[in-house]
Amino acid sequence: MALSRNEDTIKMNPVKRRVRRGNADFPLIMLTTILSVFGMVMVFSASYYNAINDNGTPFSYLWRQAFFVFSGFIIMYIISNWNYNIWKTFAYPLAVIGILLLLLIFTPLGVTVNGATRWIYLGVGGVGFTIMPGELAKLFLILFCATYFATDMDRARSLAGILPIFAYTAITGILIIKQPNLSTAITAVIIGIGIAFLAGMHWRYIILMAGAAVAGGYYLFFINKGYWHERVISFMDPFADELGSGYQVVQGLLALGSGGLYGKGLGQSVQKNLYLPEPQNDFILAIIGEEIGFLGILALMIVYVLLIWRLFYVSIRSRDNFGMLVGTGVAIMVAAQVILNVAVVTSSMPPTGIALPFVSYGGNSLWIFMILIGIVLNISRYQVIEEEGDA
């Protein structure tokens, strides 16, 4: 499959293809706003008792999430006014920086929380902040893949052409798995394969890459008797050790199941009362299900589907290959994270941390999504609005 935009054709033959410089895509802004505001509400509800227990006030997580959202919209607005082609200049240096940041996790700068080392602390004298290189890596991967293929779309049609993408995606995935963070690694692999496929990669190379991923997964889960082997055993029957390795999954399933069709009502969750660990983070969907029920989750999924559709819509109307590949990469990333988060919360795959886009608590993930939406909004300012057949 290959989608392409020839910018030279647009310039030379405006009758066949006309590009309009206009406003940013309004539906995309509205869908992002709906998800972000809903996320603030649910973070406040889910974190209420954790916030009191940790900080003595029920509002601590709410204020932080409000800051992340407000600053995120500022970032999105600024990025939406940058010509998206500027990212081509920085794509390759950022790809190198992404690998270096992932390596820094395994130095004294790495921060370990609940057995996972996914953060880097940057600061002096106790004053600083943490970043998640795994989140940045997904942004850099989209820009790297889009720039690489947009430079020459024929690269996707040969084994030699896709090897750099295969190698960079594999290195990124392996370093993320070692944190350990399986869901983010899977997301990175899906992004790399997805962009290559849309650029025109042949099915046989997709099968090759998928086969390599399956072989790596088999080794990780069944041959290497370590962390992920234990996770798989727990995933297959979480109730076998419901107070140990299966505790979080069991509590999440109890929350989802007790919500029923309509839910217990906003703020009425029982599992958030210090039963479900960190309910405002990766398992926030369980609290959503408990409080506003299956219909609430269904409505949320509809908003995600509309967002993903709009991202693809803007992408296929882009004036060039780079805009098209970046936009579709963002759509693939959002779709992958939603699917993987739902799979983890419903115990359809081994539990591992991945944020529900725009809804889960945290600044790193939200800011990365805001940057990506900002880029797509700028792409939407330059839309192909007229295409005709040969004269």
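Residues numbered from 1 in each chain as written. Predicted model: local features only at pLDDT ≥ 70, side-chain atom pairs only at ≥ 80, totals over all residues. Heavy atoms only, no water.

(A) Representation of the overall build of the chain. Secondary structure summary: the chain contains 13 helices and five strands in total. Looking at the 391 residues of the chain, the share that counts as buried comes to 53%. Sequence-distant contacts in the chain: of pairs separated by 6 or more residues, those separated by 24 or more amount to 74%. Carbon and sulfur atoms provide 68% of the accessible area of the chain, an area that totals close to 17100 Å². (Helix = DSSP H or I, 4+ residues; strand = E, 2+ residues; numbered from the N terminus. Buried < 20%, exposed > 50% of the residue type's maximum accessible area, 1.4 Å probe, protein only. Contact = heavy atoms within 4.5 Å. Areas by Shrake-Rupley, 256 points an atom, 1.4 Å probe, with all protein chains shown as cover.)

(B) Here's a closer look at the nonpolar core. With 111 residues, the main nonpolar core has Phe 149, Met 201, Leu 300, Leu 311, Leu 325, Val 326 and Ile 375 as its most contacted residues. Here this core takes 15 residues from helix 12 (residues 321-345), the largest share from any one element. Those residues in contact with Val 326 that sit more than four places away from it in its chain are Ile 142, Leu 143, Ala 146, Ile 375 and Ile 379. (Core = buried A, V, L, I, M, F, W, Y, C linked by side-chain atoms within 4.5 Å.)

(C) Broad picture of the confidence of the model for the chain. With 82% of its residues at a pLDDT of 70 or more, the chain shows a mean pLDDT of 84. In this model residues 7-15 is a low-confidence stretch, pLDDT under 50, and it forms eight contacts with partners more than four residues away in sequence or in other chains. (pLDDT = per-residue confidence, 0-100.)

(D) Examining the environment of Ile 52 more closely. Residue position: Ile 52 is located in helix 2 (residues 26-55). Here Ile 52 falls in the partly exposed class, since its relative accessible area comes to 36%. Residues in contact with Ile 52, not counting those within four places in the same chain, are Thr 57 and Pro 58.

(E) Region of interest: the packing of aromatic side chains. The final tally for this structure, using the stated rule, is 19 aromatic pairs. Each ring, one from Phe 67 and one from Trp 367, has its centre 6.4 Å from the other, and the planes form 80 degrees; the classification is edge-to-face. Of this pair, Phe 67 sits in helix 3 (residues 60-80) while Trp 367 sits in helix 13 (residues 363-380), and the two are 300 residues apart along the sequence. What makes Phe 67 partly exposed here is its relative accessible area of 49%. Here the guanidinium or amino end of Arg 155 rests over the ring plane of Tyr 148, the centre of that ring lying 4.3 Å away. In this arrangement the basic side chain of Arg 319 is found over the ring face of Tyr 382, its NZ or CZ atom lying 4.2 Å from the centre. (Phe/Tyr/Trp six-rings, centres within 6.5 Å; stacked < 30°, edge-to-face > 60°. Lys NZ or Arg CZ within 6 Å of the ring centre and 35° of its normal.)

(F) Inspection of helix 12 at higher detail. Between its first and last C-alpha atoms helix 12 spans 36 Å; for 25 residues at 1.5 Å apiece the expected length is 36 Å, and the two agree. The buried fraction of helix 12 is high, at 23 of 25 residues. Just downstream of helix 12 lies Ser 347, where phi reads positive at about 60 degrees. (Expected span 1.5 Å × (residues − 1).)

(G) A look at the side chain of Thr 328. On the secondary structure map, Thr 328 appears in helix 12. Taking the relative accessible area as the measure of exposure, Thr 328 reaches 1% and is therefore buried. At a separation of 2.9 Å, a polar atom in the side chain of Thr 328 contacts the main-chain carbonyl oxygen of Met 324. In terms of polar contacts, Thr 328 uses its side chain to reach the backbone carbonyl oxygen of Leu 325, at 3.1 Å. The contacts of Thr 328, once residues within four sequence positions are left out, are Leu 198, Phe 312 and Ser 315. (Polar contact = N/O pair within 3.5 Å; in protein donor to acceptor, adjacent residues only side chain to side chain.)

(H) Representation of unusual backbone geometry within the structure. At Glu 278, a position not held by glycine, the phi torsion is positive, near 45 degrees. With respect to the helices, strands and loops of the structure, Glu 278 is situated in the loop between helix 10 (247-259) and helix 11 (284-316). Unusually for a residue other than glycine, Phe 358 sits at a positive phi of about 70 degrees. Along the chain, Phe 358 falls in the loop between helix 12 and helix 13.

(I) Region of the structure containing the environment of Ala 188. Relative to the helices and strands, Ala 188 resides in helix 7 (residues 182-199). Since its relative accessible area comes to 0%, Ala 188 is described here as buried. When the C-alpha atoms of Ala 188 and Lys 138 are compared, they prove to be 5.9 Å apart, with 50 residues separating the residues in sequence.

(J) Region of the structure containing the pattern of salt bridges. Going through the model one piece at a time under the given rule, you end up with five salt bridges. With a closest N to O distance of 2.7 Å, Arg 310 and Asp 25 form a salt bridge. With Arg 310 in helix 11 and Asp 25 in the loop between strand 1 (17-21) and helix 2, the pair connects residues that are 285 residues apart, well separated along the chain. Neither Arg 310 nor Asp 25 differs from the other in exposure class; each is buried. (Salt bridge = Lys/Arg side-chain N within 4 Å of Asp/Glu carboxyl O.)

(K) Structural view of a nonpolar patch on the surface. Taken together, the side chains of Leu 261, Tyr 262, Phe 294, Leu 295, Leu 298, Ile 302, Leu 306 and Trp 309 define a hydrophobic patch exposed on the protein surface, amounting to about 810 Å² of accessible area. Mapped onto the secondary structure, Leu 298 falls in helix 11. (Patch = residues over 30% accessible without salt bridge, like charges linked within 9 Å, V, L, I, M, F, W, Y side chains within 5 Å.)

(L) Quick peek at the side chain of Ser 80. Relative to the helices and strands, Ser 80 is located in helix 3. A distance of 2.7 Å separates the side chain of Ser 80 from the backbone oxygen of Tyr 77, its partner in a polar contact. Residue contacts for Ser 80: discarding those within four places in its chain leaves Gly 374, Leu 377, Asn 378 and Arg 381.

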